[in-house]
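Fold and geometry: a report
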Amino acid sequence: MNHYLPEKAEIIDCKEFPYEKKLFRIKANIDFIPGQFVEISLAGIGEFPVSICSAPHEKGYFEIYVKKLGKVTSQLFKLNEGDFIGYRGPFGNGFPINELKGKDVVIVAGGLGILPLRSFIKEALHNNFCNSLTILYGVKEPLDMLFKEELKEWREKAKVIDVYEEGGKKRICK
Ligand SMILES: Cc1cc2nc3c(=O)[nH]c(=O)nc-3n(C[C@H](O)[C@H](O)[C@H](O)COP(=O)(O)OP(=O)(O)OC[C@H]3O[C@@H](n4cnc5c(N)ncnc54)[C@H](O)[C@@H]3O)c2cc1C
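Every residue gets a number counted from 1 within its own chain, in the order that chain's sequence is written. Totals for whole chains, interfaces and linings use all residues, but because this is a predicted model, local features are given only for residues with pLDDT of at least 70 and pairs of side-chain atoms are given and counted only at 80 or more. Hydrogen atoms and water are omitted, and side-chain values are computed over all heavy atoms in the structure.

1. Description of the overall build of the protein chain
Our working rule: Only DSSP runs of H or I covering at least 4 residues are called helices, and only runs of E covering at least 2 are called strands; the numbering of each starts at the N terminus. A radius of gyration in this sense is built from C-alpha atoms; the matching globule rule multiplies 2.2 Å by the number of residues raised to 0.38. A simple rule labels every residue: compare its accessible area, found with a 1.4 Å probe on the protein chains alone, to the largest value its type can have, and call it buried under 20%, exposed over 50%, or partly exposed in between. Residue contacts follow a heavy-atom distance rule, with two residues in contact if any of their heavy atoms lie within 4.5 Å. Only the protein chains shown count as cover for residues, and all accessible areas are computed by the Shrake-Rupley method using a 1.4 Å probe.
When helices and strands are counted, the protein chain shows four helices and ten strands. Ordered by position from N to C terminus, the α and β elements of the protein chain give β-β-β-β-β-α-β-α-β-α-β-α-β-β. Its C-alpha atoms give the protein chain a radius of gyration of 17 Å, within 12% of the compact-globule value 16 Å for 174 residues. Considered along the principal axes of its C-alpha atoms, the protein chain spans approximately 45 × 40 × 20 Å. The burial tally for the protein chain puts 45% of its 174 residues in the buried class. Within the protein chain, residue pairs in contact and separated by at least 24 positions form 66% of the contacts whose partners lie at least 6 positions apart. If you sum the accessible surface of the protein chain, you get close to 9,500 Å²; carbon and sulfur atoms cover 51% of it.

Below, the structure is given as structure tokens:
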């Protein structure tokens, strides 16, 4: 694949979340390392970088979770299942998976910072390659908490501590 040329790909699933956030599943055969990102392009509008938040073992597609902000993300928000986008990548070094194998790994994420780490968490739990995994995840308020259903699954295999504020009080779920 030429990294300078966008590859055309179909959106095969998308879900909308509070505060103008949307999860897109893009049909593509792409090899990547957790922590890497792609450039998403819309013809005639522009492109923007976004973390891949699905895991490498999930074949045939990748997922991105986008917060609507400016020119390109606003246009992307208008697209749905069956529409096409362009993507280039993956780019970036990704996380040092081999160095983390067999180690006690602690992940600390705030807000959207969980996105590239979700890729790592899913891969680590699927292949069971860390000795232990602890996830510390903080958000401003409950509606900011991403992947709530997955947090329940992660809790079965990892130590998850999530923190958010409600009614001016800090809540900690262990
Ligand atoms: C490596 C990397 C990974 C990333 N991963 C993610 C991810 O997983 N998910 C995600 O949601 N984002 C991610 N981002 C951020 C994402 O790239 C930006 O949100 C995106 O580039 C915004 O593009 P845009 O064209 O919609 O915004 P632009 O139009 O370029 O606007 C950029 C900024 O300017 C502001 N702006 C635009 N127009 C105006 C205006 N008229 N007046 C005032 N302010 C304005 C916007 O609010 C926005 O803050 C990542 C960024 C990087 C570098």
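2. Examining unusual backbone geometry
Where the residue is not glycine, phi is negative for most of them; where a peptide bond is considered, it is trans in most cases. The peptide bond linking Gly 89 to Pro 90 adopts the cis configuration, its omega dihedral lying at 10°. Tracing the sequence through the fold places Pro 90 in strand 6 (residues 84–91). The backbone of Phe 147 shows a phi angle near 55°, a positive value even though the residue is not glycine. Here Phe 147 lies in the loop between strand 8 (132–138) and helix 4 (148–157). When its relative accessible area of 10% is taken as the criterion, Phe 147 is described as buried.

3. Let's talk about the sheet that holds strand 6
Threshold: Paired strands are those between which DSSP finds at least two bridges. Only C-alpha atoms enter the line fits that serve as axes; for helices the fit covers just the stretch in contact. Angles between N-to-C directions range over 0 to 180 degrees.
The antiparallel open sheet is built from six strands, whose spatial order is 4-3-6-1-2-5. Looking along the sheet, the strands with just one partner apiece sit at the ends: strand 4 (46–51) and strand 5 (61–67). For this sheet, the mean inter-axis angle between neighbouring strands, taken without regard to orientation, is 40°. Two strands pair when backbone bridges link them, and strand 1 (residues 7–17) and strand 2 (residues 21–27) are joined in this way by six bridges, in the antiparallel orientation. Residue pairing for strand 2: Asp 13 is matched across the bridge by Arg 25.

4. Topic: the domain arrangement of the protein chain
What counts is decided by this rule: As used throughout, domain bounds are those supplied by an automatic or database domain assignment. The buried area of a pairing is the accessible area, by a 1.4 Å probe, that goes missing from both parts when the two are put together, added over both. Here a salt bridge means any side-chain nitrogen of Lys or Arg lying within 4 Å of a carboxyl oxygen belonging to Asp or Glu. A 3.5 Å cut-off defines polar contacts: any pair of N or O atoms within that distance qualifies, except that in protein one atom must be a possible hydrogen donor and the other a possible acceptor, and neighbouring residues in sequence count only when both atoms are side-chain atoms.
Structurally, the protein chain comprises domain 1 (7–91) and domain 2 (97–173). Between domain 1 and domain 2, the C-alpha centre-to-centre distance is 22 Å. In this assembly, domain 1 packs against domain 2 so that about 1,400 Å² is buried in total across both faces, 62% of it on carbon and sulfur atoms. Considering only the surface of domain 1 that becomes buried against domain 2, Tyr 19, His 57 and Tyr 65 emerge as the three largest contributors, covering 35% of it. A salt bridge links Glu 63 to Arg 118; the shortest N-O distance between them is 2.9 Å. Where domain 1 meets domain 2, there are six residue pairs in polar contact (both at pLDDT 80 or more). At the level of secondary structure, the elements contributing two or more residues to the side of domain 1 that touches domain 2 comprise strand 2 and strand 5.

5. Some points on the packing of aromatic side chains
Just so we agree on the cut-off: Pairing of aromatic rings covers Phe, Tyr and Trp, the last through its six-membered ring, and needs centres within 6.5 Å; plane angles under 30 degrees mean stacked, over 60 mean edge-to-face, and all others mean tilted. By the criterion adopted, a ring carries a charge over it if an Arg CZ or a Lys NZ lies within 6 Å of its centre and within 35 degrees of its normal.
Throughout the structure, instances matching the rule amount to six aromatic pairs. Taking the centre distance of 5.9 Å and the plane angle of 45° together, the rings of Phe 37 and Phe 91 count as tilted. A residue pair is termed long-range when its members are at least 10 positions apart, and Phe 37 in strand 3 (residues 37–42) and Phe 91 in strand 6 qualify at 54 residues. Residue Phe 37 is classed as partly exposed on the basis of its relative accessible area of 27%. Here the aromatic rings of Phe 95 and Phe 120 are separated by 6.1 Å at their centres, their planes lie at 85°, and the arrangement is edge-to-face. Here Phe 120 lies in helix 3 (residues 114–127) and Phe 95 lies in the loop between strand 6 and helix 2 (97–100), a separation of 25 residues in the sequence. Each member of the aromatic cluster is reached from another via a ring pair, and the members are Phe 17, Tyr 65 and Phe 147. The lysine or arginine in question, Lys 8, covers the ring of Phe 84, its NZ or CZ lying 4.8 Å from the ring centre. Sitting over the ring of Tyr 61, Arg 25 keeps its end group 4.0 Å from the ring centre.

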